[in-house]
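The primary structure of each chain is shown beneath.
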Amino acid sequence: MKNENSRRSFIKNISLATFSALALSGCNTKAFDDFLQQNFKTLSKKEKDIIIKNLGIKYKEKYGKEFHISDKPAIDGTLFGYALDLSRCVGCRRCVYACVKENNQSREPQIHWIEVLQMEKERGIDFAHSTAQYNPEKVPEKGYFYVPVQCQQCKNPPCVKVCPVKATWQEPDGITVIDYNWCIGCRYCMAACPYGARHFNWGEPDVPVEELNTEVHYLGNRPRMKGVVEKCTFCIQRTREGKYPACVEICPVGARKFGNLLDPDSEIRYILENKRVLILKQELNTQPKFYYFFGI
Amino acid sequence: MKDNFYENIKVSVILTSLYLVLLSGCKNKESDTIELNKVNTENEVSIGTAQTNDYAVEAPPFSDGIFPCTDCHKNLIPNPVRRVLVDWHDDISAMFNHDSENRWCLDCHDLKNRDSLRLASGKLLDFKESYKLCGQCHGEKYRDWKVGVHGQRTGEWNGKKEYLLCVNCHNPHSPKFRELTPEAPPIMQEDIK
Ligand code: SF4
Ligand code: SF4
């Protein structure tokens, strides 16, 4: 508590100094508000509402579109889990681009939250000999199988541990989120993630205005800015409303499954109980909630 | 006294018949609503599973103008002899690849009721329930499908799930999945500017 206080007063002092500097330089107060904004996790409902309202105005100015920004908290009694059927995935990458669209990922410079790796059947799961660059006429190619990789929503996430400013944390429903306004872009989390699931906005993200998804969550797919890290959130804006993630719905072979690990009647529990399941890099004790299975 | 007695009987007869009419009226109404429901759900079939959930199923993907089959078949004399079709449905003959050595049309389609499918038991089946026909042989897949694990999943993870029929993804006459053209690969790291 004391720490927090001294941090606060420190920030206050600094901000006073900055404010005078800003006032002198004639910068607008909105940037100043942004600068003073606290970590989203520590805000009261009222403060969140104000921030979200202002963000809506900002988006409207920037993109000329009305955004619906949600900050819906986790649903009680849910812990999300995901399962991907390795015996079905054909490597078509429909999921990659459905995700890009749903989650407003930058087209240029390109950011993909899902990476589909092609692996040789003879070698089994072997990251060193895999490629994401495969590009034949038709998939699946003979002798290969496909392993789509995205954030594994670890129960024991190293990315959260290393963040020096606590800009990323695990929510009660198991989704690890990022407060883009609090992220300082140090990229420690990218170095810590063993799955390459985190991506950095090296440039100003570019999404064609007509392709913007305006149904967004504050901790998820809202438009990001240059200099922050982002990653898959199990489509937090959809799943907290009861919908399936976009990648689940698009997959033409039905390889992707999603549900509540705490519900014994869910699809995901059925898979864990009845199918042969594996997790990636088990030896690292990250404890992913993203399971791979063999449906056949 | 006597008159009064007859009067009473008359009244009770009238009352009873009124009551009967009312009853039957209600009954008519009831069956009307059932009929309505049927019409409403023409493109959606509800199936009960172990969890007694009702799932919506997409309509069967008929090619344009092919259904009802009786439109043409009512003028034809049924021929139960197994053969390769050449004059009509030759496209299906050409692609047929579904244990084709042992099976042909009438293993799934009914000889007399062309608008129905037919289980091995001889029981007739609506096209909207074709998953039961597939489930005869593919029991394991049928089981997984019912719990939502086999097949494309849409709808709500904690609410109403939307189901596709087997034939919405697998061509029943050639069920093996066709190859797909992949979307573009990601930009190589060294090409990012
Ligand atoms: S859409 Fe489905 S089949 Fe295609 S790459 Fe993604 S998981 Fe695999
Ligand atoms: S996969 Fe990477 S980004 Fe996702 S929770 Fe685990 S460590 Fe964090």
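Anything mentioned here points back to the structure above.
Treat the numbers as computed from the prediction; the structure is a model and nothing was measured.

What counts and how
Within every chain, residues take consecutive numbers counted from 1 along the sequence as written. Starting at A for chains and at 1 for ligands, labels are handed out in the order in which the entities are written. With pLDDT at 70 or above as the cut-off, local features in this predicted model cover only qualifying residues; side-chain atom pairs require 80 or more to be listed or tallied, and sums for whole chains, interfaces and linings still use all residues. In computing side-chain values, all of the structure's heavy atoms are included and hydrogens and water are not. In this scheme Phe, Tyr and Trp rings, the latter by its six-membered ring, pair at centre separations within 6.5 Å, and the angle between planes marks the pair as stacked below 30 degrees, edge-to-face above 60, and tilted otherwise. Where helices and strands are cited, they refer to DSSP runs of H or I of at least four residues and of E of at least two residues respectively, numbered from the N terminus. For a Lys NZ or an Arg CZ to count as sitting over a ring, it must be within 6 Å of the ring centre and within 35 degrees of the ring normal. We call a residue near a molecule or strand when any one of its heavy atoms sits within 4 Å of it. Note on residue classes: Ala, Val, Leu, Ile, Met, Phe, Trp, Tyr, Cys and Pro are nonpolar, Asp, Glu, Lys and Arg are charged, and everything else, Gly too, is polar. A pair of strands is labelled paired if DSSP reports no fewer than 2 bridges between them. Lines fitted to C-alpha atoms define the axes here, with helix axes fitted over just the stretch in contact, and angles between the N-to-C directions of these axes take values from 0 to 180 degrees. Throughout, a residue-residue contact means that at least one pair of heavy atoms, one from each residue, lies within 4.5 Å. Residues adjacent in sequence count toward polar contacts only when both atoms are side-chain atoms; beyond that, a polar contact is any pair of N or O atoms within 3.5 Å, and within protein one must be able to donate a hydrogen and the other to accept it. Here roughly perpendicular refers to angles of 65 to 115 degrees, roughly parallel to angles under 35, roughly antiparallel to angles over 145, and oblique to all remaining angles. Each residue is placed in one exposure class: buried if its accessible area under a 1.4 Å probe, protein chains only, is under 20% of its type's maximum, exposed if it is over 50%, and partly exposed if it falls in between. What we call a nonpolar core is a set of buried Ala, Val, Leu, Ile, Met, Phe, Trp, Tyr and Cys residues that are connected through their side-chain atoms within 4.5 Å. The term buried area means the drop in 1.4 Å probe accessible area that two parts suffer when joined, counted for both and summed. Criterion for a salt bridge: a side-chain nitrogen of Lys or Arg within 4 Å of a carboxyl oxygen of Asp or Glu.

### A few points about the packing of aromatic side chains
1) Next: Evaluated as defined, the whole model comprises 21 aromatic pairs over all chains.
2) Next: When the centroid spacing of 6.2 Å and the interplanar angle of 35 degrees are considered together, the rings of Tyr131(B) and Tyr142(B) count as tilted. With Tyr131(B) in helix H4 (residues 130–137) and Tyr142(B) in helix H5 (residues 139–146), the pair connects residues that are 11 residues apart, well separated along the chain.
3) Next: The structure contains a cluster of three or more aromatic residues connected by ring pairs, namely Phe80(A), Tyr82(A), Phe234(A), Phe258(A), Phe290(A), Tyr292(A) and Trp157(B).
4) Next: Arg224(A) extends its terminal NZ or CZ atom over the ring of Tyr180(A), reaching a point 5.8 Å from the ring centre.
5) Next: Over the ring of Tyr142(B) we find Lys146(B); its NZ or CZ atom is 4.5 Å from the centre of that ring.

### Some remarks on the site of ligand 1
1) Next: Around ligand 1 lies a shell formed by Cys89(A), Val90(A), Gly91(A), Cys92(A), Arg93(A), Arg94(A), Cys95(A), Pro148(A), Cys251(A), Pro252(A), Val253(A) and Arg256(A).
2) Next: Taken together, the residues that form the shell around ligand 1 break down as eight nonpolar, one polar and three charged.

### Observations regarding the sheet that holds strand S12 (residues 290–294) of chain A
Sheet strands associate in pairs through backbone hydrogen bonding, adopting either a parallel or an antiparallel arrangement.
Residues and elements named next belong to chain A.
1) Next: Taken in spatial order, the four strands line up as S10-S2-S12-S11 in an open sheet, and their pairing is mixed. With partners counted over all chains shown, the strands left at the sheet margins are strand S10 (256–260) and strand S11 (276–278), one partner each. Neighbour-to-neighbour, the strand axes of the sheet open up by a mean angle of 30 degrees, direction not taken into account.
2) Next: Pairing of strand S2 (residues 80–85) with S12 involves four bridges; the strand directions are parallel.

### Things to note about the environment of Arg256(A)
All names here are of chain A.
1) Next: Tracing the backbone through its elements, the reader meets arginine 256 in strand S10.
2) Next: A sequence separation of 36 residues divides arginine 256 from tyrosine 292, and the C-alpha atoms of the two residues are 9.4 Å apart.
3) Next: Excluding anything up to four places from it in sequence, arginine 256 contacts Tyr82, Ala83, Leu84, Cys95, Ile114, Pro148, Gln150, Cys247, Val248, Cys251 and Phe290.
4) Next: Side chain to side chain, arginine 256 and tyrosine 82 meet in a polar contact 2.8 Å long.
5) Next: Separated by 3.0 Å, the side chains of arginine 256 and glutamine 150 make a polar contact.

### Examining the packing of H4(B) against H5(B)
In a pair of packed helices, the angle between the axes and the distance between the axes together describe the arrangement.
Residue and element names in this part refer to chain B.
1) Next: Where H4 contacts H5, the axes come no closer than 6 Å and their chain directions differ by 135 degrees. Considered as vectors, H4 and H5 are oriented oblique to each other. Every residue of H5 that contacts H4 at Tyr131, Lys132, Gly135 and Cys137 is listed here: Gly139, Tyr142 and Trp145.
2) Next: Tallied by class, the residues present in the contact of H4 with H5 amount to four nonpolar, two polar and one charged.

### As for the environment of Gln37(A)
All names here are of chain A.
1) Next: The residue glutamine 37 is located in the loop between helix H2 (29–36) and helix H3 (45–63) in this model.
2) Next: Judged by its relative accessible area of 10%, glutamine 37 is buried.
3) Next: The sequence separation of glutamine 37 and aspartate 126 amounts to 89 residues, and the corresponding C-alpha distance is 44 Å.
4) Next: In contact with glutamine 37, not counting residues within four places along its chain, are Ile51, Asn181, Trp182 and Tyr218.
5) Next: For glutamine 37, the side chain forms a polar contact with the side chain of tyrosine 218, separated by 2.7 Å.

### Some thoughts on the nonpolar core
All names here are of chain A.
1) Next: The biggest cluster of nonpolar side chains holds 60 residues, and the ones touching the most others in it are Ile69, Tyr218, Phe234, Phe258 and Tyr292.
2) Next: Elements represented by at least two residues in this core include exactly H3, S2, helix H4 (94–102), strand S3 (115–120), strand S4 (144–149), helix H8 (246–250) and S12.
3) Next: Per element, the largest residue contribution to this core is five residues, and it comes from H3.
4) Next: Beyond its immediate chain neighbours, meaning those up to four positions away, tyrosine 218 contacts Gln37, Phe40, Ile51, Ile52, Leu55, Ile69, Ser70, Asp179, Tyr180 and Asn181.
5) Next: Residues Ile178, Trp182, Phe200 and Val229 belong to the second largest nonpolar core, which totals 11 residues.

### Section: the interface of chain B and chain A
1) Next: Listed by partner, the interface residues are 28 residues for chain B and 42 residues for chain A.
2) Next: Approximately 3200 Å² of surface area, both sides summed, lies buried where chain B meets chain A, with 53% of it carried by carbon and sulfur atoms.
3) Next: By the criterion of area lost to chain A, the three top residues of chain B are Val149(B), Trp157(B) and Leu180(B), representing 24% of everything that side buries.
4) Next: Here Lys275(A) ties to Asp144(B) by a salt bridge, and the two come within 2.5 Å at their closest N and O atoms.
5) Next: The tally of links from chain B across to chain A stands at 21 residue pairs in polar contact (both at pLDDT 80 or more).
6) Next: For the side of chain B that touches chain A, the secondary-structure elements that each account for two or more residues are H5 and strand S5 (154–155) of chain B.

### What to know about the site of ligand 2
1) Next: Around ligand 2 lies a shell formed by Cys151(A), Gln152(A), Gln153(A), Cys154(A), Pro157(A), Pro158(A), Cys159(A), Cys193(A), Pro194(A), Tyr195(A), Arg198(A) and Lys231(A).
2) Next: Of the residues in the shell around ligand 2, the class split is eight nonpolar, two polar and two charged.

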